[in-house]
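# Residue-level structure breakdown
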Amino acid sequence: MADFVEVIAVDELAPGACKEVAVGGTAVALFNVGGTFHAIGNRCVHRGGPLGQGMLDGHMVMCPWHAWMYDVTTGVSTVNPEIRVPRYDVRVENGAVLVKVD
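Presented here is a report on the structure given in the accompanying data block.

About the cut-offs
The residue numbers shown here count from 1 along each chain, following its written sequence. Two thresholds apply to this predicted model, a pLDDT of at least 70 for residue-level local features and 80 or more for giving and counting side-chain atom pairs, whereas whole-chain, interface and lining totals are computed over all residues. Heavy atoms from the whole structure form the basis of all side-chain values; hydrogens and water molecules are not counted. At least two DSSP bridges between two strands are required for those strands to pair. Segments assigned H or I by DSSP are reported as helices when at least four residues long, segments assigned E as strands when at least two residues long, and all are numbered from the N terminus. To get an axis, a line is fitted to the C-alpha atoms, and for a helix only the part in contact is used. The angle between two axes follows their N-to-C directions and goes from 0 to 180 degrees. Type-normalised accessible area, obtained with a 1.4 Å probe on protein chains alone, sets the label of each residue: buried when under 20%, exposed when over 50%, and partly exposed for intermediate values. Whenever Lys or Arg places a side-chain nitrogen within 4 Å of a carboxyl oxygen from Asp or Glu, that contact is recorded as a salt bridge. Any two residues having at least one pair of non-hydrogen atoms within 4.5 Å are treated as being in contact. Under this definition, polar contacts are N or O atom pairs within 3.5 Å; protein pairs additionally need one hydrogen-donor-capable and one acceptor-capable atom, and for neighbouring residues in sequence, both atoms have to be side-chain atoms.

## Topic: the pairing of strand β2 (residues 18–23)
Where a strand is regular, its side chains alternate between the two sheet faces. With 6 bridges joining them, β2 and strand β3 (residues 26–33) adopt antiparallel strand pairing. Bridge assignment links Cys18 to a residue of β3, and that residue is Phe31. Counted between consecutive antiparallel strands, the loop separating β2 from β3 contains 2 residues, among which Gly24 sits at a positive phi close to 65 degrees.

Shown next, in the form of structure tokens:
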């Protein structure tokens, strides 16, 4: 899948919130950080916890299962900077949030 796909309306995700969405067959964690949207893979590399159900603090999300932390702007883990989840491109058009999964 190489195109941007509309996943939600901008007003469906308040600043400081996160949400699980699907782009094609890919589970994506979507975040609103101060009005800027970011998307990463929804599965924590530790035990597969749903990052889109995590707690967002600034640009860091904590996995709800075992508290592993990830930077939502890069997908990099704070536990080990060599560990990361995929990061996806996001854009906003006509009041909608679109995500591109390569």
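## A word on the sheet that holds strand β9 (residues 96–100)
Reading across the sheet, the 6 strands line up as β1-β9-β8-β4-β3-β2 and stay open at both edges, with antiparallel pairing between neighbours. The open sheet is flanked by β1 (4–9) and β2, the only strands paired with a single partner. Along the sheet, successive strands turn relative to each other by an average axial angle of 35 degrees, direction set aside. As paired strands, β1 and β9 are joined by 5 bridges and run antiparallel to one another.

## Side note on unusual backbone geometry
The phi angle at Ala67 is positive, at roughly 65 degrees, despite the residue not being glycine. Tracing the backbone through its elements, the reader meets Ala67 in the loop between β6 (60–62) and β7 (69–71). The class of Ala67 is partly exposed, set by a relative accessible area of 42%. Although it is not a glycine, Asn94 sits at a positive phi angle of roughly 50 degrees.

## Focus on the pattern of salt bridges
Within the structure shown, the criterion is met by 2 salt bridges. Where Arg87 meets Asp89, a salt bridge forms, and the shortest distance between an N and an O atom there is 3.3 Å. Linking Arg91 and Glu93 is a salt bridge whose minimum nitrogen-to-oxygen distance equals 2.9 Å.

## Here we look at the environment of Ala27
You can see Ala27 is positioned in strand β3. A sequence separation of 74 residues divides Ala27 from Val101, and the C-alpha atoms of the two residues are 9.9 Å apart. In this structure, Ala27 is in contact with Val21, Gly41 and Asn42, ignoring residues within four places of it in sequence.

## Brief notes about the side chain of Asn32
For Asn32, the position within the fold is in strand β3. Here Asn32 falls in the buried class, since its relative accessible area comes to 3%. At 2.8 Å, the side chain of Asn32 forms a polar contact with the backbone oxygen of Leu13. Discounting chain neighbours no more than four positions away, the residues touching Asn32 are Leu13, Ala14, Pro15, Gly16, Ala17, Phe37 and Leu56.

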